[in-house]
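# Structural characterization, general
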Amino acid sequence: MINDMKLYISILIAVCSILLPRASFAITDEITVTARRNAQSQKDYPGSVAVLDSDRLQLGAAVHPAELLNEVAGVNIHRNSGQEHLTAIRSPVLTGGAGAGSFLYLEDGVPLRAAGFSNINGLFEGALELASGIEVSKGPGSVLYGSNAVHGLINILSREPSEEQDANSGILVSNGGFSRLKTSYNGSAFSGRYHLAANFAHDNGFREASGFDQQKLQMRHDLAIGSWTSKTLVTLQNLNQETAGFIKGVEAYKDTELAKSNPNPEAFRDGKSARIALHLNRQGSKNTQLYLIPYARWTDLSFRRHFVPGKALEDSGHKSLGLLASYQAATNFGSYIIGLDSEYTNGFLLEFQPGPGVFSFIQGEHFDYDVKAIVLAPYAQVNINLGADTHLSLGARADYTHFKYHNNIDTGTFGRFIRIADQQDDYFTVSPKIGITHTVTDDLTIYGRLARGARAPQITDAYSLQLGQLAGEIKPETLDALEFGLKGNLAALNLELAVFAMRKENFFFRNADGFNVVDGKTQHKGIELSFDVPFFKAHELSGGFTLADHRYAFSDSVPSPSSSITDGNQVDTAPHTIGFMQMKVSPSDTLDMALKWQHVGDYFTDPGNTKKYAGHNIYTLRGNYSLTNTISLYGRVDNLFDAAYADRADFAFGDNRYFPGRPRTLFLGIRYSGAVK
């Protein structure tokens, strides 16, 4: 680990020494809205928030969230079949309830799903393809965000209507059977401006029976009336996916024919979602702002659990109504914010195994229950000026979650599954935050932060019980994080460096035998480096690297010691090193090209640290050429050198398992953007 850190630092020093003397312009500071809902300089926030702007989204032309988000230091998203994924933000790649509940996915600051009803593949429900930008906050969220903002959050930003009446359309195809039509239109109606956008995608899949069709539609309307501004955002999404399962065997991903196969042709994932949010903002006198965001959502998801023996069918969904309310004001000493989040949700889950029993995975009904939930979360934060250059922020958030659970079938133990009688549960957490920033120069800021993240259990954690669990024993998960960093410009070098240490308690996860562990503990520490620097006249080098260590801080003995988790073991699917580097070249005003290197280091695939994946290095070539002022060609070559690698590797139920990575694939597209008369 120390040698890896020395290598990264040596690379950065070498790059700076070569490039900085030739740099001819500086990089402007980026703006973020994630921490406080209103525009804020990234350098003024005592924490780490990465911003992927519209230009980066357009150059990437991503067909899966991992292709963009893995360009953020500290982020490691495993791409599974189709639009599925598993997320890591300053963490191991987490699965089950831990994977669903440890990361908060937002759309303009409103959660895509209700607390406790999260989707582990939740990013496919967001309109990332239609976004104007993405913000990734690493570590526990600010006081504005509660349950699920534990390891980090991802905020997808909608596109603001333009002042002109214009249209944008684009087609993207690949030699592997992928095709996408994306279109948008800006106009005026009802005394305001609107942006209407749609995305239609089809993929044959490079593996057998692994294609998908997905449609997304988004409408945004902006209006100003006196001192009030409003933004109405509606998003609809539908996914129909044929899912490819794990291939098994030591380094099975290296077998070309096996990598194209699908051991689970019966697997599928169908998901629908609809959301509407009305963002109201009133600008008052003396720099006060009132934010009111009423919203409603609906989700429905059906899939086959191909990743466990028995391969049961699961149907789940929920409906929610909520209100996010906050008030901000400037004072002589700085500023403050107070707020209250409230939400009501009615959800259900049904799990049924149509096939014969496998081990303790019995045929027939596993679970059938409804859950009603209420969440109330007041919060407050004060920002104090300790001088012209030093600012202190103090805040706390309290989250109260009430679950009312109703079982629709008989209770008892059935195979490995425990169905409990009707009950009600209450969870209460307090998450304090303290941060400080100090402006060293006009272009450079240092900061420190101590924050707690907490989450109530997922409903599957609390009510889909298995052998070894007791009803009501699960506790809210907490993570305490300490972070120091610096960010800003050194000459033309735009730099962010962060060092973090975290400890997590009451970690709920599924071990290698598929049993739930309710009281795990883990420790996490690492260093992150992000940079971009222009040089010569039309070149830019950017990158992001993470060196981290994730370890278990307990020994597993429930329901048996067979998982081999021992205090001090490295957490599985937690590489020490991840990162990327990209060279962008613009030889003319009409042509941009970029070569990206994506790195994932080796990692243990089992908690006993006896099995390992060797890691991989993948290269992507991108380009964009403007034919006219309104028409451009773009494309990329994924996996440029056609490497055999695994998007995901793990060891479970006695097998080495892999999702093989996509072979070399060519994508070509054409875009149109112009005024409509």
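Residues numbered from 1 in each chain as written. Predicted model: local features only at pLDDT ≥ 70, side-chain atom pairs only at ≥ 80, totals over all residues. Heavy atoms only, no water.

## Remarks on the overall build of the chain
Check the secondary structure of the chain and you find 6 helices and 39 strands. The globule rule puts the C-alpha radius of gyration for 677 residues at 26 Å, and the 24 Å found for the chain is close to it. Each of the three principal axes of the chain carries a C-alpha extent, and together these read 65 × 55 × 55 Å. A buried classification covers 59% of the 677 residues belonging to the chain. Pairs at least 24 residues apart make up 65% of the contacts formed inside the chain by residues separated by at least 6 positions. With 61 positive and 70 negative side-chain charges, the chain shows a separation of 2 Å between the mean positions of the two kinds. (Helix = DSSP H or I, 4+ residues; strand = E, 2+ residues; numbered from the N terminus. Rg over C-alpha atoms; globule rule 2.2 N^0.38 Å. Buried < 20%, exposed > 50% of the residue type's maximum accessible area, 1.4 Å probe, protein only. Contact = heavy atoms within 4.5 Å. Lys, Arg positive; Asp, Glu negative; His and termini not counted. Charge placed at Lys NZ, Arg CZ, Asp CG, Glu CD.)

## Comments concerning the nonpolar core
With 31 residues, the main nonpolar core has Leu-69, Ile-134, Val-136, Ile-154 and Phe-509 as its most contacted residues. Of all elements in the fold, only strand E3 (48–52), helix H3 (65–69), strand E6 (103–107), strand E8 (133–138), strand E9 (152–157) and strand E28 (493–510) reach the threshold of two or more residues within this core. Element by element, the count of residues in this core is highest for H3, at 3 residues. Aside from chain neighbours lying at most four places away, what touches Phe-509 is Ala-98, Phe-515, Asn-516, Val-517, Gly-520, Tyr-552, Phe-554 and Ile-565. Within the second largest apolar cluster, 23 residues are counted, among which are Leu-349, Ala-373, Phe-417 and Leu-465. (Core = buried A, V, L, I, M, F, W, Y, C linked by side-chain atoms within 4.5 Å.)

## Regarding the side chain of Glu-343
With respect to the helices and strands, Glu-343 occurs in strand E19 (residues 334–353). Residue classification places Glu-343 among the buried positions, given a relative accessible area of 10%. Among the polar contacts made by the side chain of Glu-343, one reaches the side chain of Arg-297 at a distance of 2.9 Å. With near-sequence residues (within four places) excluded, Glu-343 lies in contact with Ala-114, Ala-115, Tyr-295, Arg-297, Ser-320, Leu-321, Gly-322, Ala-373, Ile-374 and Val-375. (Polar contact = N/O pair within 3.5 Å; in protein donor to acceptor, adjacent residues only side chain to side chain.)

## What to know about the sheet that holds strand E15 (residues 247–248)
Backbone-to-backbone hydrogen bonds pair the strands of a sheet. The strands run either parallel or antiparallel. Here 3 strands make up an open sheet; going across it, the order is E15-E38-E37 and the pairing antiparallel. One side of each edge strand has no neighbouring strand; the edge strands of this open sheet are E15 and strand E37 (646–652). Across 6 bridges, E37 lies against strand E38 (residues 655–660) in antiparallel orientation. Within E38, the position partnered with Phe-651 by the bridge is Asn-656. (Pairing = 2+ DSSP bridges.)

## Focus on the sheet that holds E8
Overall, mixed pairing links the 5 strands, which are arranged E3-E8-E9-E6-E7 in an open sheet. Lying at the two open borders of the sheet, with one neighbouring strand each, are E3 and strand E7 (110–111). Bridging between E6 and E7 involves 2 bridges; their strand directions are antiparallel. Residue Glu-107 lies in a different strand from E7, and its bridge partner there is Val-110.

## As for the environment of Phe-531
Turning to its location among the elements, Phe-531 is positioned in strand E29 (residues 516–535). With 38 residues separating them along the chain, Phe-531 and Leu-493 place their C-alpha atoms 6.9 Å apart.

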